[in-house]
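One-letter residues, chain by chain:
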Amino acid sequence: MTPPPKTSNPVILSAQHLSKFFVSPEGKPFTVLEDISLELREGEIVALLGRSGSGKSTLLRTLLGLIPPSRGEVRYRGQPVTGPMPGMALVFQSFALFPWLTVQQNVELGLEAMGIPAAERRRRALDAIRLIGLDGFESAFPKELSGGMRQRVGFARALVTNPDVLFMDEPFSALDVLTSETLRSELLDLWAEQRIPTKSILIVTHNIEEAALMADRILILSANPGRMRSEIQVPHPRLDNRNHPAFKELVEQIY
Ligand code: ADP
Ligand code: MG
């Protein structure tokens, strides 16, 4: 049975007419994102697809408030986003762990910036480490861990902040197929069982099957400049839609 559409759920995050210009090393301005508008609603997983260089990571960084838009606006629960804010967290493709810090210290980092006292940081970090299946590895250093376990640390560091909105920038693409499928299905279980407080997820991926499997909606960015090209409603959320016509259409649009 197809669940009801989530189009009436409250909007958590929105972008209005977002553009981003950068300046090339030769001093020439160029447009990376042009006039992007989108909405992320409670209960949704949205996948963002597009070729390399289409501006997906730049869009995520702008939505998170890590870089300012050149034009337009981002709103989080109705408030303009003018810098990094609690409530939103990012999982990186390359894990971005500090090699000189232990698993627990890496996870706690996300809370230090928020000014949370040491005892609470420790408690919450241990909870997040347990949740993501890393108990026993609290004192390990990243180099002692496999790629999959390193990305678990990346997830724990994001989840420890109890994010309302979780952004993931190609979180599984550095991992082998089996490891990424395991991690992805564990994450979907945590989400479906509401063991994480996250209300909505935006995932960047190159993997169309992954997008069809995880997302309620798929957004596609065109390249040069990055524009919102199309949006595909996945008819059966979290089911494999490889044989559905929408899936084929999607493949044709991108490649
Ligand atoms: P994607 O994640 O879709 O591969 P990116 O957002 O990483 O794309 O990059 C989009 C374009 O913006 C690329 O041409 C990249 O070189 C450029 N770009 C990204 N960040 C910067 C920056 N800080 N300064 C200049 N150019 C940038
Ligand atoms: Mg990218």
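For clarity, every value in this text was computed on a predicted model and none was experimentally measured.

Every residue near ligand 1 is listed here: Phe22, Val32, Gly50, Ser52, Gly53, Ser54, Gly55, Lys56, Ser57 and Thr58. With three residues, helix α1 (residues 56-63) is the single largest residue contributor to the shell around ligand 1. Taken together, the residues of the shell around ligand 1 break down into two nonpolar, seven polar and one charged.

Within the largest apolar cluster, 62 residues are counted, with the highest numbers of intra-cluster contacts made by Ala47, Leu48, Ala156, Phe167, Ile203 and Ile218. Of the residues forming this core, the biggest block, six residues, is contributed by helix α4 (residues 147-159).

Reading across the sheet, the four strands line up as β2-β1-β4-β5 and stay open at both edges, with antiparallel pairing between neighbours. Each edge of the open sheet carries a strand with a single partner, namely β2 (29-41) and β5 (79-80). Of the pairings in the sheet, the one linking strand β1 (residues 11-23) to strand β4 (residues 71-76) comprises five bridges and is antiparallel in character. Bridged to Ser14 within β4 is Arg75. Along the sheet, α1 makes contact with β1, β2 and β4, crossing β1 at roughly 125°.

This part takes up unusual backbone geometry. Omega for the peptide link from Asn224 to Pro225 comes to -10°, which places this bond in the cis form. By the element assignment, Pro225 lies in the loop between β9 (217-222) and β10 (227-233). Here Arg77, not a glycine, exhibits a phi torsion of approximately 45°, which is positive. Position of Arg77 among the secondary structure elements: in the loop between β4 and β5. You can call Arg77 partly exposed: it has 15 C-beta atoms within 10 Å. Even without glycine at this site, Glu170 takes up a positive phi of about 45°. With respect to the helices and strands, the residue Glu170 is situated in the loop between β7 (165-169) and α5 (177-192). A tally of 19 C-beta atoms within 10 Å means that Glu170 is categorised as partly exposed.

To continue, consider the environment of Ile208. With respect to the element layout, Ile208 can be found in helix α6 (residues 208-214). In this structure, the C-alpha to C-alpha distance between Ile208 and Leu48, residues 160 residues apart in sequence, is 9.9 Å.

One open sheet accounts for six strands, arranged β6-β7-β8-β3-β9-β10; its pairing is mixed. Of all strands in the sheet, those with a lone pairing partner are β6 (88-91) and β10, marking the two edges. In this sheet, adjacent strand axes meet at a mean angle of 20° when their direction is disregarded. Bridge count for β7 against strand β8 (residues 200-204) is five bridges, and the pairing is parallel. If you follow Asp169 over to β8, its bridge partner there is Val204. Here α1 sits on the sheet and contacts β3 (45-50), β6, β7, β8 and β9; the angle it forms with β7, its principal contact strand, is near 155°.

Calculation criteria
- Residues numbered from 1 in each chain as written.
- Chains lettered and ligands numbered in written order.
- Predicted model: local features only at pLDDT ≥ 70, side-chain atom pairs only at ≥ 80, totals over all residues.
- Near = placed C-beta within 6 Å.
- Helix = DSSP H or I, 4+ residues; strand = E, 2+ residues; numbered from the N terminus.
- Nonpolar A, V, L, I, M, F, W, Y, C, P; charged D, E, K, R; others polar.
- Core = buried A, V, L, I, M, F, W, Y, C linked by C-beta atoms within 7 Å.
- Buried ≥ 20, exposed ≤ 12 C-beta atoms within 10 Å, placed from the backbone.
- Pairing = 2+ DSSP bridges.
- Contact = placed C-beta atoms within 7 Å.
- Axes fitted to C-alpha atoms, helices over the stretch in contact; angles between N-to-C directions.

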